[in-house]
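# Secondary and tertiary structure notes
Spelled out, the chains give:
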Amino acid sequence: MSLAKYKQKRSFTKSPEPKGGAPSSNALLFVVQKHDARSLHYDFRLEMEGVLKSWAVPKGPSLNPADKRLAMMVEDHPFDYKDFEGIIPEGNYGAGTVIVWDTGTYEPLEPNNGTKKAQNDILLKELEAGSLKFMMHGKKLKGEFALVRTKGMGENSWLLIKHRDKYASEIPVIEKDKSVLSRKTLEQVAASASKKKSSRT
Ligand code: MN
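Residues numbered from 1 in each chain as written. Predicted model: local features only at pLDDT ≥ 70, side-chain atom pairs only at ≥ 80, totals over all residues. Heavy atoms only, no water.

## Overview of the side chain of K34
- Assignment of secondary structure puts K34 in strand β1 (residues 28-36).
- One buried charge, K34, has no salt-bridge partner; the nearest side chain with opposite charge is E187, at 4.9 Å.
- Setting aside residues up to four positions removed in sequence, K34 forms contacts with L40, H41, Y42, T97, V98, I99, W101, D177 and L186. (Helix = DSSP H or I, 4+ residues; strand = E, 2+ residues; numbered from the N terminus. Buried < 20%, exposed > 50% of the residue type's maximum accessible area, 1.4 Å probe, protein only. Lys, Arg positive; Asp, Glu negative; His and termini not counted. Salt bridge = Lys/Arg side-chain N within 4 Å of Asp/Glu carboxyl O. Contact = heavy atoms within 4.5 Å.)

Dropping the structure here:
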């Protein structure tokens, strides 16, 4: 676990992004952020060993088991990133607007004694093996998912796949486009920031 890469890429005097944070709940947390940077993508983050393991998913998550969504693994993010929503100013790494598109708890499918420690250990073992299988309890993402490392598209490429269960659906879940924190769309968050900027000048 290291936030060295995360910190190296950012200047915290110029970006409002969080620097650290530590989990307090006894359930593992996940967050999916919608991020309009150079290109629009969704950042899929799973709490493990006190930080957020992170993947950038260009097309966003899907509840359709037929979809295999490319997920590029990126640097670990600090735990406090879980509720970061706002604007990363121009000229900074990842410049653009971020909303918290979904959040909730999750746990590995592999049977365990229900403690966070046991779940964390299973997930780290699966991460190392390149095959994570877990249950999501979000507001939008629910049910079983897999994240599987894939060969041929670089060492950081994984696929995010919905398992077939009662939450599987062909309706595109990304059509639910509002933040689960502020109820604002990405466009509304971006617009309110540029309004503030123009009222200052
Ligand atoms: Mn991003």
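## Thoughts on the packing of aromatic side chains
- Considering all chains together, one arrives at 8 aromatic pairs under this definition.
- Measuring from ring centre to ring centre gives 6.0 Å for Y6 and Y81, while their planes differ by 90 degrees; the resulting arrangement is edge-to-face. Here Y6 is found in helix α1 (residues 4-8), whereas its partner Y81 is found in the loop between β4 (68-78) and β5 (86-88), with 75 residues between them in sequence. An identical accessibility class is assigned to Y6 and Y81; each is buried.
- An angle of 45 degrees between the planes, with centres 6.3 Å apart, marks the rings of F44 and F134 as tilted. (Phe/Tyr/Trp six-rings, centres within 6.5 Å; stacked < 30°, edge-to-face > 60°.)

## Focus on unusual backbone geometry
- The phi torsion at E49 lies on the positive side, around 40 degrees, for a residue other than glycine.
- Position of E49 relative to the elements: it lies in the loop between β2 (40-48) and β3 (51-57).

## Quick notes on the pairing of strand β8 (residues 142-149)
- Summarising the sheet, strand β7 (residues 131-138) and β8 pair through 7 bridges and their orientation is antiparallel. Residue pairing across strands places L132 opposite L147, the latter belonging to β8.
- Both β8 and strand β9 (residues 157-162) contribute to a ladder of 5 bridges, which runs antiparallel. The residue bridging A146 from the neighbouring strand is I161, located in β9. (Pairing = 2+ DSSP bridges.)

## So, helix α2 (residues 116-129)
- End to end, α2 covers 20 Å across 14 residues, agreeing with the expected 20 Å (1.5 Å per residue, within 8%).
- Taken residue by residue, α2 has A118, Q119, N120, I122, L123, E126 and L127 as its buried positions.
- Positioned one or two residues after α2, G130 has a phi angle of 80 degrees, which is positive. (Expected span 1.5 Å × (residues − 1).)

## Here we look at the pairing of β3
- Burial within β3 is extensive, with 7 of its 7 residues counted as buried.
- In this sheet, β3 lies alongside β2 in antiparallel orientation, the contact comprising 7 bridges. In the sheet register, L46 faces β3, and the bridge partner there is K53.
- Between the antiparallel neighbours β2 and β3 lie 2 residues, among them E49 with a positive phi of about 40 degrees.
- As defined by bridge partners, β3 adjoins β4 across 5 bridges and the pair is classed as antiparallel.

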